[in-house]
Amino acid sequence: MRKRLHTIVNHKAFQATVIILIIANAILVGIETYDSIYENYSFFFYLADRFLLWLFTIEIVLRFFSTSVRSFFKNGWNWFDTIIILAGHLFTGGHFVTVLRVLRVLRVLRAISVIPSLRRLVDALVMTIPSLGNILFLMGIFLYIFAVIGTMLFSGIAPEYFGNLQRTILTLFQIVTLDSWSSGIMRPLMAYNQWIWIYFVSFVLVGTFIIFNLFIGVIVNNVEKANDSEEDEGKETNQAPATVEDMKRLEQQLEIIQTELKKLHQPSKE
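Residues numbered from 1 in each chain as written. Predicted model: local features only at pLDDT ≥ 70, side-chain atom pairs only at ≥ 80, totals over all residues. Heavy atoms only, no water.

As annotated in an unreviewed UniProt entry, the protein chain carries the name Ion transporter and comes from Shouchella lehensis. Recorded in UniProt for the protein chain, the comment headed Subcellular location (unreviewed entry) runs: "Membrane". (UniProt positions renumbered as here; feature names shortened; annotations may be inferred.)

Caption draft 1: A look at the UniProt feature "transmembrane region" (unreviewed entry) in the protein chain. The feature "transmembrane region" (unreviewed entry), as annotated in UniProt, sits at residues 12–31, 43–65, 77–97, 135–157, 169–190 and 196–220 in this numbering. Structurally, residues 43–65 comprises 100% helix and 0% strand, and the distance from its first C-alpha atom to its last is 33 Å. (Helix = DSSP H or I, 4+ residues; strand = E, 2+ residues; numbered from the N terminus.)

Caption draft 2: Seen up close, the environment of Val9. Tracing the chain through its elements places Val9 in helix α1 (residues 2–9). Overall, the relative accessible area of 9% leaves Val9 in the buried class. In sequence terms Val9 and Arg63 are 54 residues apart; their C-alpha atoms lie 6.3 Å from each other. If near-sequence neighbours (up to four positions away) are discounted, Val9 is found in contact with Phe14, Gln15, Leu62, Arg63 and Ser66. (Buried < 20%, exposed > 50% of the residue type's maximum accessible area, 1.4 Å probe, protein only. Contact = heavy atoms within 4.5 Å.)

Caption draft 3: Just the nonpolar core, in detail. Grouped together as the largest cluster of nonpolar side chains are 22 residues, with contacts concentrated most on Phe162, Leu172, Ile175, Leu189, Tyr199, Phe200 and Phe203. At the level of elements, α10 (129–154), α12 (165–176), α13 (181–189) and α14 (197–269) are the ones that each hand at least two residues to this core. One finds Val18, Ile22, Phe56 and Val114 within the second-largest nonpolar core, a separate group that totals 17 residues. (Core = buried A, V, L, I, M, F, W, Y, C linked by side-chain atoms within 4.5 Å.)

Caption draft 4: Main features of the side chain of Asp49. Mapped onto the elements of the fold, Asp49 is located in helix α4 (residues 42–65). Owing to a relative accessible area of 3%, Asp49 belongs among the buried residues under this scheme. Within the local environment of Asp49, its side chain forms a polar contact with the side chain of Arg50, the two groups lying 3.4 Å apart. (Polar contact = N/O pair within 3.5 Å; in protein donor to acceptor, adjacent residues only side chain to side chain.)

Caption draft 5: Representation of the side chain of Asn78 within the structure. Tracing the chain through its elements places Asn78 in helix α6 (residues 76–90). In this structure Asn78 comes out as buried when scored by relative accessible area, which is 9%. Filtering out sequence-adjacent residues up to four positions away, Asn78 remains in contact with Arg63, Ser71 and Phe72.

Caption draft 6: Up close: the packing of aromatic side chains. Considering all chains together, one arrives at 14 aromatic pairs under this definition. Ring geometry for Tyr199 against Phe200: centres 5.2 Å apart, planes inclined by 85 degrees, an arrangement best described as edge-to-face. You'll find Tyr199 and Phe200 in the same group, each marked buried. Taken together, the ring pairs connect Phe146, Phe154, Phe162, Tyr199, Phe200 and Phe203 into an aromatic cluster. (Phe/Tyr/Trp six-rings, centres within 6.5 Å; stacked < 30°, edge-to-face > 60°.)

Caption draft 7: Quick look at the confidence of the model for the protein chain. With 79% of its residues at a pLDDT of at least 70, the protein chain reaches an overall mean of 79. Predicted confidence is poor over residues 236–242, with pLDDT under 50, and the contacts of this stretch with residues over four places away or in other chains come to zero contacts. (pLDDT = per-residue confidence, 0-100.)

Caption draft 8: The arrangement of the packing of α4 against α6 in detail. At a minimum axis distance of 10 Å, the contact between α4 and α6 shows a crossing angle of 145 degrees. As for how α4 packs across α6, the hand of that crossing is left-handed. Across the interface between the two elements, Arg50, Leu53, Trp54, Phe56, Thr57, Ile60 and Arg63 of α4 pack against Asn78, Asp81, Thr82, Ile85, Gly88 and His89 of α6. Split into classes, the residues belonging to the contact of α4 with α6 amount to five nonpolar, five polar and three charged. (Axes fitted to C-alpha atoms, helices over the stretch in contact; angles between N-to-C directions. Left-handed = near helix turned anticlockwise from the far one by under 90°. Nonpolar A, V, L, I, M, F, W, Y, C, P; charged D, E, K, R; others polar.)

Caption draft 9: Molecular detail of the packing of α1 against α4. Between α1 and α4, the least distance of the axes is 8 Å, while the angle of their chain directions is 130 degrees. Between α1 and α4, the interaxial angle falls into the category oblique. Two packed elements cross with a definite hand, and for α1 against α4 that hand is left-handed. Residue-level contacts link Arg2, Leu5 and Val9 of α1 to Leu62, Arg63 and Phe65 of α4. Taken together, the residues of the contact of α1 with α4 sort by class into four nonpolar, no polar and two charged. (Parallel < 35°, antiparallel > 145°, perpendicular 65-115°, else oblique.)

Caption draft 10: The arrangement of the environment of Phe73 in detail. With respect to the helices, strands and loops of the structure, Phe73 is situated in helix α5 (residues 69–74). Leave out the neighbours within four places in its chain, and Phe73 touches Phe64 and Trp79.

Caption draft 11: Here's a closer look at a nonpolar patch on the surface. On the surface, Phe137, Ile141, Tyr144, Ile145, Ile149, Met152, Leu153, Leu165 and Ile169 cluster together to form a nonpolar patch covering roughly 850 Å² of accessible area. Elements represented by at least two residues in the nonpolar patch include exactly α10 and α12. At seven residues, α10 tops the list of elements feeding residues into the nonpolar patch. In this structure, Phe137 sits in helix α10. (Patch = residues over 30% accessible without salt bridge, like charges linked within 9 Å, V, L, I, M, F, W, Y side chains within 5 Å. Areas by Shrake-Rupley, 256 points an atom, 1.4 Å probe, with all protein chains shown as cover. Salt bridge = Lys/Arg side-chain N within 4 Å of Asp/Glu carboxyl O.)

So, in structure tokens, the structure goes:
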């Protein structure tokens, strides 16, 4: 029974059906934001939400019984899906209307756990967290140095941008995002000193191109690691049934060899 459920759950048609249900849930949640439509068909939206919730519950139950309890809860995505669905059953009633609407939106995130490519991408992002701390610390050092220099140089010229340390840090964060830093901040200040561009260009080169490229490099590296680990797991699962079949074949061959040896020994005894 477990093998049959495992085959059903991992079938492409089953996964495609789940994705369609998630998309339908997302469309319903989006339509609910239009008050004129929701007020006229509120009962229909309630029935549709309950129907989708129970379909998702059946899906989780099938996935639970298609594998062992330990392997099911070993996967973090199964925890995520189970919590989202259970919360939809627990937070019911008029007191939890806002909570229920938020949970309906969170069901759309279940598309990540269903689509393997998105799951690998999120796993890679999670793997970047340890390296991310070092990069953020490095970026914080450069940001603080440039913020102190910018406050000392430009506090009298542009106090709205560089009046104190926190304003300068906010301005530099805007520059890192490349949000109108040239036309809105740098060029007006160049009217006071034409060499001001050196400060801004150097910060953009360090903060945007170098630091952000470090982020991208770490993420790409972890995406490759996540793909390799998933391929290794797939090879292990594919090799496990083969080893069981090989053991059975060896046992059958040993039995055949034992019977042949008995036949050879019988004439010598006579």
